[in-house]
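# Close look at the chain arrangement
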Amino acid sequence: MKYYAVITYSGYETKVKQALEERIRNAGMEARFGNILVPTETVQEIVRGKKRISERKFFPGYIFIEMEMSEETWHLVKDTPKVTNFVGNQNPTPVSETEINNIRKRMETGAESPKPIVHFDEGDSVKVIEGAFGGFNGTVETVKADKQKVVVLVSIFGRATPVELDYTQVEKLIG
């Protein structure tokens, strides 16, 4: 069995997975299908000043199905509601095992440590919402995306002081 990428209606990936599992059971083809992956990661976002953890699809509109490719299995998948097509149309190309392992790894690491959904640029105006400098406003001087930290220039006693903070400790000021 190999993995194949299937194009679905965006936002319906989980419903397509459930419908496929039911269709496979009803057709008695469990032996010809394996896993169905809906690639998601856990992200952390700040909504109205509160941290919220949610799931986000990192390949919206796509699912990955482990299956034996035949005309019968192709039609079972293709005729599922909200499935648009296979990537590769009539001759789908299997997704490499390396790529599937990378997707799985990303799904696992996302579940362990949620990624902030916010992105900062140098010069952004921010408000510190947590920690010793909570309530202070400042300007992003440096972005350390790999560590998910920013260096913010905060005015303390009339002097600009650089403070290193986590993404989760600041929020962008709009305006």
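Structure: above.
Quick summary incoming for the structure in this document. Because the structure is predicted, anything quoted here is derived from the model rather than measured.

### Description of the overall build of the protein
Helix and strand counts for the protein stand at 3 helices and 12 strands. Relative to the globule expectation of 16 Å for 175 residues, the C-alpha radius of gyration of the protein, 22 Å, shows a markedly less compact shape. Reported as C-alpha extents along the three principal axes, the dimensions of the protein are approximately 75 × 30 × 25 Å. Each of the 175 residues in the protein was classed as buried or not, and the buried ones make up 34%. When the accessible area of the protein is evaluated, it comes to approximately 10400 Å², of which 48% is carbon and sulfur surface.

### Some points on the side chain of Gln169
Its location among the elements puts Gln169 in the loop between strand E11 (159–166) and strand E12 (170–172). The class for Gln169 is buried, based on a relative accessible area of 16%. The contact partners of Gln169, leaving out residues within four places of it in the chain, are Lys127, Val128, Ile129, Glu130 and Gly131.

### A short note on the environment of Val16
Summarising the element assignment, Val16 is placed in helix H1 (residues 13–27). Judged by its relative accessible area of 1%, Val16 is buried. On a C-alpha basis, the gap between Val16 and Lys172 in space is 36 Å, while along the polypeptide they are 156 residues apart. With residues near it in sequence (within four places) discarded, Val16 still touches Thr8, Ile63, Thr80, Pro81, Lys82 and Val83.

### Describing helix H2 (residues 71–78)
The set of residues buried in H2 consists of Thr73, Trp74, Leu76 and Val77. Looking straight down H2, one finds its buried side chains confined to an arc of 160°; they lie on one side. Here the buried face of H2 lies against strand E1 (2–8), H1, strand E2 (33–37), strand E5 (62–67) and strand E6 (83–86).

### Examining the sheet that holds E5
Pairing is antiparallel across the open sheet formed by 4 strands, whose spatial order is E2-E5-E1-E6. The outermost strands of the open sheet, each flanked by one partner alone, are E2 and E6. Within the sheet, the average angular offset between the axes of one strand and its neighbour, ignoring direction, is 30°. By the bridge criterion, 3 bridges tie E1 to E6 in an arrangement that is antiparallel. If you follow Thr8 over to E6, its bridge partner there is Val83. Seen against the sheet, H2 touches E1, E2, E5 and E6 and runs at an angle of roughly 145° to E6.

### Points about unusual backbone geometry
The backbone phi angle of Lys82 is positive, close to 75°, even though this residue is not glycine. If you trace the backbone, Lys82 turns up in the loop between H2 and E6. We classify Lys82 as partly exposed; its relative accessible area is 34%.

### Section: the sheet that holds strand E8 (residues 125–128)
Taking strand neighbours across the sheet as the criterion, the 5 strands line up as E11-E10-E9-E8-E12 in an open arrangement whose pairing is antiparallel. The open sheet has two edge strands, E11 and E12, and neither has a second partner. Going from strand to strand, the sheet's axes swing by 40° on average, the running direction of each strand aside.

Here is what the cut-offs are and how they apply
- Residues numbered from 1 in each chain as written.
- Predicted model: local features only at pLDDT ≥ 70, side-chain atom pairs only at ≥ 80, totals over all residues.
- Heavy atoms only, no water.
- Helix = DSSP H or I, 4+ residues; strand = E, 2+ residues; numbered from the N terminus.
- Rg over C-alpha atoms; globule rule 2.2 N^0.38 Å.
- Buried < 20%, exposed > 50% of the residue type's maximum accessible area, 1.4 Å probe, protein only.
- Areas by Shrake-Rupley, 256 points an atom, 1.4 Å probe, with all protein chains shown as cover.
- Contact = heavy atoms within 4.5 Å.
- Arc of directions from axis to C-beta.
- Pairing = 2+ DSSP bridges.
- Axes fitted to C-alpha atoms, helices over the stretch in contact; angles between N-to-C directions.

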